[in-house]
Amino acid sequence: MRKFFMEELNLPHNIKRTVDKLVECIRNVYSDQLVCVALYGSAARGEYAGKYSNINLAIVLNDTSISSIKKAACLLNKNKFSIINPVFFTEDYIKKSLDVFPIEFLDMKESHSVLYGKDIFKDLQIDIKNLRFQCEQELKSKILNIKKFCMRTSNKIILKNFLFKSATSSLHILRNLVRLKGKQPSCSKDGILDDVAREFAVDVGSLRSMLNAKNINARLGTKEIDQFFAQLVEILESISDKVDLL
């Protein structure tokens, strides 16, 4: 059973310490029922960006019944672990859900680090025939959610945080849309934007500017935030129209 050494991860020291402690506690709670604990997503790719990134953990058990996962409830509800987003699976659930959640499992397969146990993600066989449906559904849902959110609040700080999160999470969808063109997408943010610009003939300059602003936590005025939201929706709608024609 492999135990990944946390110092190998490109994460702040305090985050490494928190994740390492949680993995140790999970091992104590589940013992031989624990199959695997894996970090996945941006943190596993070395692209952790503070409050704008998630610390996603896949916890694979032999049993994920309510009674089983509730064993970890008190542990996971501790404030010190609030930055971590755990998801519980069984191996059987993963095998039977590859067609339903191709985006999520492709992401896990390509960007994960095993913190404990066996690597059950590296050899996943994922058929991308269902990828278009999920990508299109999530893309159109994101557009609607952005418009809805902008109508519900005028708080500049809340809007800026939502803008940055929306821009970052859009990359997750756009990266997988590149697969629909038969191409292997880049893992880096800049690479994904280059892929999207090339494959869908869309100007992603404003999206690149949003992500750069997020990286430096730029101070934005209300007018700049509104303009960025308008540009983000315009980009996503343009890509959505092109996906409809595939």
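See above for the structure.
Presented here is an overview of the structure given in this document. Keep in mind that what you see is a predicted model, and the values were worked out from it rather than measured.

### Let's talk about the packing of helix α7 (residues 156-179) against helix α9 (residues 205-215)
For step 1, the next point in the chain: Running from N to C, α7 and α9 point in directions that differ by 125 degrees, and their axes come no closer than 9 Å. Our classification of the angle between α7 and α9 gives oblique. As for how α7 packs across α9, the hand of that crossing is left-handed. Of the residues in α9, those touching α7 at Leu-163, Phe-164, Ala-167, Thr-168, Leu-171 and Leu-174 are Leu-207, Met-210, Leu-211, Ala-213 and Lys-214.
For step 2, the next point in the chain: When its residues are assigned to classes, the contact of α7 with α9 shows nine nonpolar, one polar and one charged.

### Quick look at the pattern of salt bridges
For step 1, the next point in the chain: In total, this model carries 13 salt bridges according to the counting rule given.
For step 2, the next point in the chain: The shortest N-O distance in the salt bridge between Glu-110 and Arg-179 comes to 2.9 Å. Note that Glu-110 is positioned in helix α5 (residues 102-110) and Arg-179 in helix α7, a separation of 69 residues in sequence.
For step 3, the next point in the chain: When its relative accessible area of 29% is taken as the criterion, Glu-110 is described as partly exposed.
For step 4, the next point in the chain: Residue Arg-179 is classed as buried on the basis of its relative accessible area of 7%.

### Things to note about a nonpolar patch on the surface
For step 1, the next point in the chain: A contiguous nonpolar surface patch, about 260 Å² in accessible area, is contributed by Tyr-93, Val-100 and Phe-101.
For step 2, the next point in the chain: In this fold, Phe-101 is placed in the loop between α4 (91-97) and α5.

### Some thoughts on the side chain of Glu-199
For step 1, the next point in the chain: Inspection of the secondary structure puts Glu-199 in helix α8 (residues 189-200).
For step 2, the next point in the chain: Within the structure, Glu-199 has its side chain in polar contact with the side chain of Arg-198 (distance 3.3 Å).
For step 3, the next point in the chain: Residues contacting Glu-199, with those up to four places away along its chain left out, are Val-178, Lys-181 and Lys-183.

### Digging into the packing of aromatic side chains
For step 1, the next point in the chain: All told, the structure shown has five aromatic pairs when counted by the stated rule.
For step 2, the next point in the chain: Measuring from ring centre to ring centre gives 5.7 Å for Phe-89 and Phe-105, while their planes differ by 50 degrees; the resulting arrangement is tilted. Remark: Phe-105 occurs in helix α5 and Phe-89 occurs in strand β4 (residues 84-89); sequence separation between them is 16 residues. The same class applies to Phe-89 and to Phe-105, which are both buried.
For step 3, the next point in the chain: Grouped by ring-pair contacts, the aromatic residues Phe-89, Tyr-93 and Phe-105 constitute a single cluster.
For step 4, the next point in the chain: For the cation-ring pair, Lys-181 lies above Phe-200, with the distance from its terminal atom to the ring centre recorded as 5.0 Å.

### Observations regarding the environment of Ile-192
For step 1, the next point in the chain: Along the polypeptide, Ile-192 turns up in helix α8.
For step 2, the next point in the chain: Judged by its relative accessible area of 4%, Ile-192 falls in the buried class.
For step 3, the next point in the chain: As a C-alpha pair, Ile-192 and Asn-176 span 16 residues in sequence and 9.4 Å in three-dimensional space.
For step 4, the next point in the chain: Not counting the four nearest positions on each side in its chain, Ile-192 is found in contact with Leu-171, Arg-175, Ser-186 and Cys-187.

### What about the nonpolar core?
Taken as a class, soluble globular proteins show a tendency for nonpolar side chains to be buried jointly.
For step 1, the next point in the chain: Counting 54 residues, the largest nonpolar core has Ile-94, Phe-121, Leu-177, Val-196, Leu-207 and Ile-239 as the members making the most contacts within it.
For step 2, the next point in the chain: Secondary-structure elements contributing two or more residues to this core are β2 (34-40), β3 (55-61), α5, α6 (131-152), α7, α8, α9 and α10 (222-244).
For step 3, the next point in the chain: The next biggest cluster of nonpolar side chains, apart from the first, holds 25 residues, and it includes Ile-15, Cys-25, Ile-26 and Ala-72.

### Concerning the environment of Ile-225
For step 1, the next point in the chain: With respect to the secondary-structure elements, Ile-225 resides in helix α10.
For step 2, the next point in the chain: For the pair Ile-225 and Phe-164, spaced 61 residues apart in sequence, the C-alpha separation works out to 9.9 Å.
For step 3, the next point in the chain: Here Ile-225 is in contact with Lys-156, Leu-159, Lys-160 and Leu-220, once residues within four sequence places are set aside.

### What about the pairing of strand β5 (residues 112-117)?
For step 1, the next point in the chain: A large share of β5 lies buried, amounting to six of its six residues.
For step 2, the next point in the chain: Two elements, β2 and β5, share five bridges in a ladder whose sense is antiparallel. Across the sheet, the residue bridging to Leu-39 is Ser-113, located in β5.

The rules behind the values
- Residues numbered from 1 in each chain as written.
- Predicted model: local features only at pLDDT ≥ 70, side-chain atom pairs only at ≥ 80, totals over all residues.
- Heavy atoms only, no water.
- Axes fitted to C-alpha atoms, helices over the stretch in contact; angles between N-to-C directions.
- Helix = DSSP H or I, 4+ residues; strand = E, 2+ residues; numbered from the N terminus.
- Parallel < 35°, antiparallel > 145°, perpendicular 65-115°, else oblique.
- Left-handed = near helix turned anticlockwise from the far one by under 90°.
- Contact = heavy atoms within 4.5 Å.
- Nonpolar A, V, L, I, M, F, W, Y, C, P; charged D, E, K, R; others polar.
- Salt bridge = Lys/Arg side-chain N within 4 Å of Asp/Glu carboxyl O.
- Buried < 20%, exposed > 50% of the residue type's maximum accessible area, 1.4 Å probe, protein only.
- Patch = residues over 30% accessible without salt bridge, like charges linked within 9 Å, V, L, I, M, F, W, Y side chains within 5 Å.
- Areas by Shrake-Rupley, 256 points an atom, 1.4 Å probe, with all protein chains shown as cover.
- Polar contact = N/O pair within 3.5 Å; in protein donor to acceptor, adjacent residues only side chain to side chain.
- Phe/Tyr/Trp six-rings, centres within 6.5 Å; stacked < 30°, edge-to-face > 60°.
- Lys NZ or Arg CZ within 6 Å of the ring centre and 35° of its normal.
- Core = buried A, V, L, I, M, F, W, Y, C linked by side-chain atoms within 4.5 Å.
- Pairing = 2+ DSSP bridges.

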